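Chain and residue survey
The lines below spell out each chain.
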2 protein chains.
Amino acid sequence: MQITRQTEYAIKILIELAKSPFGELIPSKLIAEQQDIPGMFLQKTVQLLSRAGLVSTQRGIQGGVRLTVSADKITTADVITAIEGPLALNLCLSPGYSCPNMADCQVRRILGRAQAALLHELQQESIADIVEGKLAK
Amino acid sequence: MQITRQTEYAIKILIELAKSPFGELIPSKLIAEQQDIPGMFLQKTVQLLSRAGLVSTQRGIQGGVRLTVSADKITTADVITAIEGPLALNLCLSPGYSCPNMADCQVRRILGRAQAALLHELQQESIADIVEGKLAK
DNA sequence: ACCAAGAAGACAAACTTAGTCTGAAAAGGA
DNA sequence: TCCTTTTCAGACTAAGTTTGTCTTCTTGGT
């Protein structure tokens, strides 16, 4: 039950972007070096963030990646969702899933509560909080 | 970021055991039928629960599985730990892991908070709660 | 036109998960 | 003691996921 490495990369990418003034274009190669992420894999990750609307990219010389949402509006939950899809602690908690006894399934209910607690916390934490170190314990 | 199917099986096994009087031996074959779990795989799962001290088993004719801890003392967190090992939302949150800049790693800190919130909720929820349906949202 | 970036998708290696198979060991009864 | 029932243990396998790489294409600026 872990986030994937790619999700961790995504968080680091956003942190790196948030260190520069909002909207500034940063070439992905530079991000890769700063955060020690394999170049090609980083690009795929940026694309997921881009499709989620968190960043935008520009091609060509002087191209790169930039935030389209301010860092204090991007939560950890947003990043996880962008990379891994909707948070689901169990298959039966995925949107669109259905099973015969879903209505009165106690396992589903109990895991749903845990998931809600996790999600609530993840939605409190923004990229800006991470960068600014606002999480003193 | 999901619990494994095996963990879900484990929860169901414990629920099934908790339906009978405490300490009663239930043959694993019966549990498999009741909860629709592949027989061999269930046995492996029972073994993990047994090594974690949550159940004990008896071989031979009239053998089976029984709870060794009362259902209201077994939390969802216990089950996940028994099957998957210590809860870790990210590799760097696993016990025994170390990386150079672990002390001031903001990613680690933020995920640590989320993990603590999740763990707290999981530790509130017992198998007895599930069986008795005490979770009416 | 040329070059520096990102876009896209095929591919592959490594790992994890879910499950099976086979044989052994133990408990109890005949 | 022998037989049956049941768990124990480990090897094995098939499928899926993760984490990348490689190659080719497209775009934008100079």
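Every value quoted in this text rests on a predicted model; they were computed, and no experiment measured them. (Residues numbered from 1 in each chain as written. Chains lettered and ligands numbered in written order. Predicted model: local features only at pLDDT ≥ 70, side-chain atom pairs only at ≥ 80, totals over all residues. Heavy atoms only, no water.)

The next thing to look at is the overall build of chain A. Each helix and strand counted, chain A has six helices and two strands in total. Moving toward the C terminus, one meets the helices and strands of chain A in the order α-α-α-β-β-α-α-α. Counting only contacts in chain A whose residues sit at least 6 apart along the sequence, the fraction spanning at least 24 positions is 67%. Carbon and sulfur atoms provide 50% of the accessible area of chain A, an area that totals close to 7,100 Å². Both charge centroids of chain A, one from 14 positive and one from 13 negative side chains, sit 5 Å from each other. (Helix = DSSP H or I, 4+ residues; strand = E, 2+ residues; numbered from the N terminus. Contact = heavy atoms within 4.5 Å. Areas by Shrake-Rupley, 256 points an atom, 1.4 Å probe, with all protein chains shown as cover. Lys, Arg positive; Asp, Glu negative; His and termini not counted. Charge placed at Lys NZ, Arg CZ, Asp CG, Glu CD.)

Right, let's talk about the interface of chain B and chain A for a bit. Across the contact, 33 residues belong to chain B and 34 residues belong to chain A. For the pair chain B and chain A, the two sides together bury roughly 3,300 Å², of which 66% comes from carbon and sulfur. If you look at where chain B meets chain A, you find four salt bridges. Measuring nitrogen to oxygen at the nearest pair gives 3.5 Å for the salt bridge that ties Glu121(A) to Arg113(B). (Buried area = accessible area lost by both parts, 1.4 Å probe. Salt bridge = Lys/Arg side-chain N within 4 Å of Asp/Glu carboxyl O.)

Our focus in this paragraph is the relation of the copies chain B and chain A. At an RMSD of 0.0 Å, chain B and chain A line up after a rotation of 180 degrees and a shift of 0.0 Å along the axis. Such a combination of rotation and displacement between the chain copies is what one expects of a two-fold axis. (Least-squares fit on C-alpha atoms with pLDDT ≥ 70 in both.)

Right, let's get into the protein's contact with DNA strand C. With respect to spatial proximity, 24 residues lie near DNA strand C, and among them Ser28(A), Thr57(A), Arg5(B), Tyr9(B) and Lys44(B) are the closest. The contact atoms of DNA strand C, taken as those within 4 Å of the protein, divide so that sugar and phosphate hold 66%. Between DNA strand C and Ser28(A), the relevant distance is 2.6 Å, taken from a phosphate oxygen to a side-chain nitrogen or oxygen of the residue. A distance of 2.6 Å separates a phosphate oxygen of DNA strand C from a polar atom in the side chain of Thr57(A). Among the elements of the structure, helix 3 (39-51) and strand 1 (55-58) of chain A together with helix 1 (5-19) and helix 3 (39-51) of chain B are those that each provide at least two residues to the surface near DNA strand C. It is helix 3 of chain A that contributes the most residues to the surface near DNA strand C, four residues altogether. (Near = heavy atom within 4 Å. Polar contact = N/O pair within 3.5 Å; in protein donor to acceptor, adjacent residues only side chain to side chain.)

Residue and element names in this part refer to chain B. Here four bridges tie strand 1 (residues 55-58) to strand 2 (residues 64-67), and the two strands are oriented antiparallel to one another. For Ser 56, the partnering residue across the bridge sits in strand 2 and is Arg 66. In this antiparallel pair of consecutive strands, strand 1 and strand 2, the connection spans five residues, and Gly 60 shows a positive phi of 80 degrees. (Pairing = 2+ DSSP bridges.)

Time to look at helix 3 of chain B. Residues and elements named next belong to chain B. Taking 1.5 Å of rise per residue, the 13 residues of helix 3 would be expected to cover 18 Å, and the 19 Å separating its terminal C-alpha atoms lies within 8% of that figure. Every buried residue belonging to helix 3 is among Leu 42, Thr 45, Val 46 and Leu 49, and all of these are buried. All buried residues of helix 3 fall inside an arc of 105 degrees around its axis, so they share one side. The outward face of helix 3, more than 90 degrees from its buried face, is lined by the exposed residues Met 40, Lys 44 and Arg 51. Against helix 1, helix 2 (28-35), strand 1, strand 2 and helix 4 (76-84) lie the buried residues of helix 3. Just past helix 3, the residue Gly 53 takes up positive phi, approximately 85 degrees. (Expected span 1.5 Å × (residues − 1). Buried < 20%, exposed > 50% of the residue type's maximum accessible area, 1.4 Å probe, protein only. Arc of directions from axis to C-beta.)

Here we take up the protein's contact with DNA strand D. Taken together, 24 residues sit near DNA strand D, with Arg5(A), Tyr9(A), Arg59(A), Ser28(B) and Thr57(B) positioned nearest. For DNA strand D, a phosphate oxygen lies 3.4 Å from a polar atom in the side chain of Arg51(B). Contacts to DNA strand D include Arg59(B), whose side-chain N or O atom sits 3.3 Å from a base oxygen. Broken down by secondary-structure element, the contributors of at least two residues to the surface near DNA strand D are helix 1 (5-18) and helix 3 of chain A together with helix 3 and strand 1 of chain B. For the surface near DNA strand D, the element with the highest residue contribution is helix 3 of chain B, accounting for four residues. By residue class, the composition of the surface near DNA strand D is seven nonpolar, eleven polar and six charged. (Nonpolar A, V, L, I, M, F, W, Y, C, P; charged D, E, K, R; others polar.)

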